[in-house]
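# Geometric and topological summary
Residue-level listing of the chains:
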Amino acid sequence: MDTLYFELPLIEWVGYIASTLVLVSLSLSSIVKLRIFNLIGAAIFSFYGFYIDALPVGIMNLIICLFNMYYLRTLLFKKEVFEGICIDKPDKYLRLFLNYHKDDVQRFFPEFKIEQAESSKILMAVRDMNVAGVMLLSDNKNGTAEVILDYVTPQYRDYKTGKYLLRRFKQQLLNEGVNSLYYSELNPLHSKYFQRMGYRLEGESYVLNLNNRAD
């Protein structure tokens, strides 16, 4: 650990890496990712503290590791309650929700306007009694509906919400004659999400065939 890298001992670089991971963890909106990054950073910091005989640093970060492991276990294995709501017209709460998250929505759906909700099918995911996500779909056109909005709040961005909405309303959409969904704005920030949901890139749109989607 006494080897010099850029004129600093290796153990100091270990401390810098730990500090960086803890700092990065505090910038993450996903609680699960925050806990994972914080756990790794605290574990390295604990090693660093014990190595340089700074017992308060080592012990404190070891305790932080235990807290992170406990809460990660709770987050990953707790049984969550999901509910799905389908409404034909936006109500006051939906407008408040979209206005409150307007800036975040614009990051992923820069062309979206709240007025579009007036003529859309509205699917909402309620997770532990909190509205976690909203999907707006256009009218059925020859068996296809456009995804106007598929927004999930930052604290629930673990793909469970989006997958629940598709699973919950798949049969209803099929019964209404909607066989596929498509999203035409190729926003790099949202492309990974659509791929994880099962959409395939076809030309300039992401397309999901509901008949072929396994629940």
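Residues numbered from 1 in each chain as written. Predicted model: local features only at pLDDT ≥ 70, side-chain atom pairs only at ≥ 80, totals over all residues. Heavy atoms only, no water.

## Digging into the packing of aromatic side chains
- Evaluation of the coordinates by the stated rule reveals 11 aromatic pairs.
- Ring plane angle 65° and centroid distance 5.4 Å describe the contact between Phe109 and Tyr183, whose orientation is recorded as edge-to-face. Highlighted residues: Phe109 in the loop between α5 (102-108) and β4 (121-127) and Tyr183 in strand β7 (residues 180-183), separated in sequence by 74 residues. You'll find Phe109 and Tyr183 in the same group, each marked buried. (Phe/Tyr/Trp six-rings, centres within 6.5 Å; stacked < 30°, edge-to-face > 60°. Helix = DSSP H or I, 4+ residues; strand = E, 2+ residues; numbered from the N terminus. Buried < 20%, exposed > 50% of the residue type's maximum accessible area, 1.4 Å probe, protein only.)

## Some details on the sheet that holds strand β3 (residues 82-87)
- One open sheet accounts for seven strands, arranged β3-β4-β5-β6-β7-β9-β8; its pairing is mixed. The strands lining the two open edges of the sheet, one partner per strand, are β3 and β8 (200-202). For this sheet, the mean angle separating the axes of adjacent strands, direction not counted, is 30°.
- Bridge count between β7 and strand β9 (residues 205-209): four bridges; the pairing is antiparallel. Residue pairing for β9: Leu181 is matched across the bridge by Leu208.
- Across the sheet, helix α4 (residues 92-100) lies against β4, β5 (130-137) and β6 (144-152), angled at about 95° from β5, the strand it touches most.
- Packed onto the sheet, helix α7 (residues 188-196) meets β6, β7 and β9 and runs at close to 115° relative to β6. (Pairing = 2+ DSSP bridges. Axes fitted to C-alpha atoms, helices over the stretch in contact; angles between N-to-C directions. Contact = heavy atoms within 4.5 Å.)

## So, the layout of surface pockets
- Put simply, the largest pocket is a space of about 780 Å³.
- Around the largest pocket, the lining comprises 30 residues; the ones closest to its centre are Ser30, Lys33, Pro154, Arg157 and Asp158.
- Looking at the lining of the largest pocket, the elements that each hand over two or more residues are α2 (31-51), α3 (55-77), α5, β6 and α7.
- A total of six residues in the lining of the largest pocket trace back to one element, the largest contributor, which is α7.
- Taken together, the residues that form the lining of the largest pocket break down as 15 nonpolar, four polar and 11 charged.
- What lines the second largest pocket is a set of 14 residues, among which Lys121, Leu137, Ser138, Asp139 and Asn140 lie closest to the centre. (1 Å grid on protein atoms, 1.4 Å probe; cavity = no way out; pocket = protein on both sides within 12 Å on 5 of 7 lines; lining within 4 Å. Points joined across faces, edges and corners; volume = space filled by probe spheres on them. Nonpolar A, V, L, I, M, F, W, Y, C, P; charged D, E, K, R; others polar.)

Geometric values such as these leave the question of function open.
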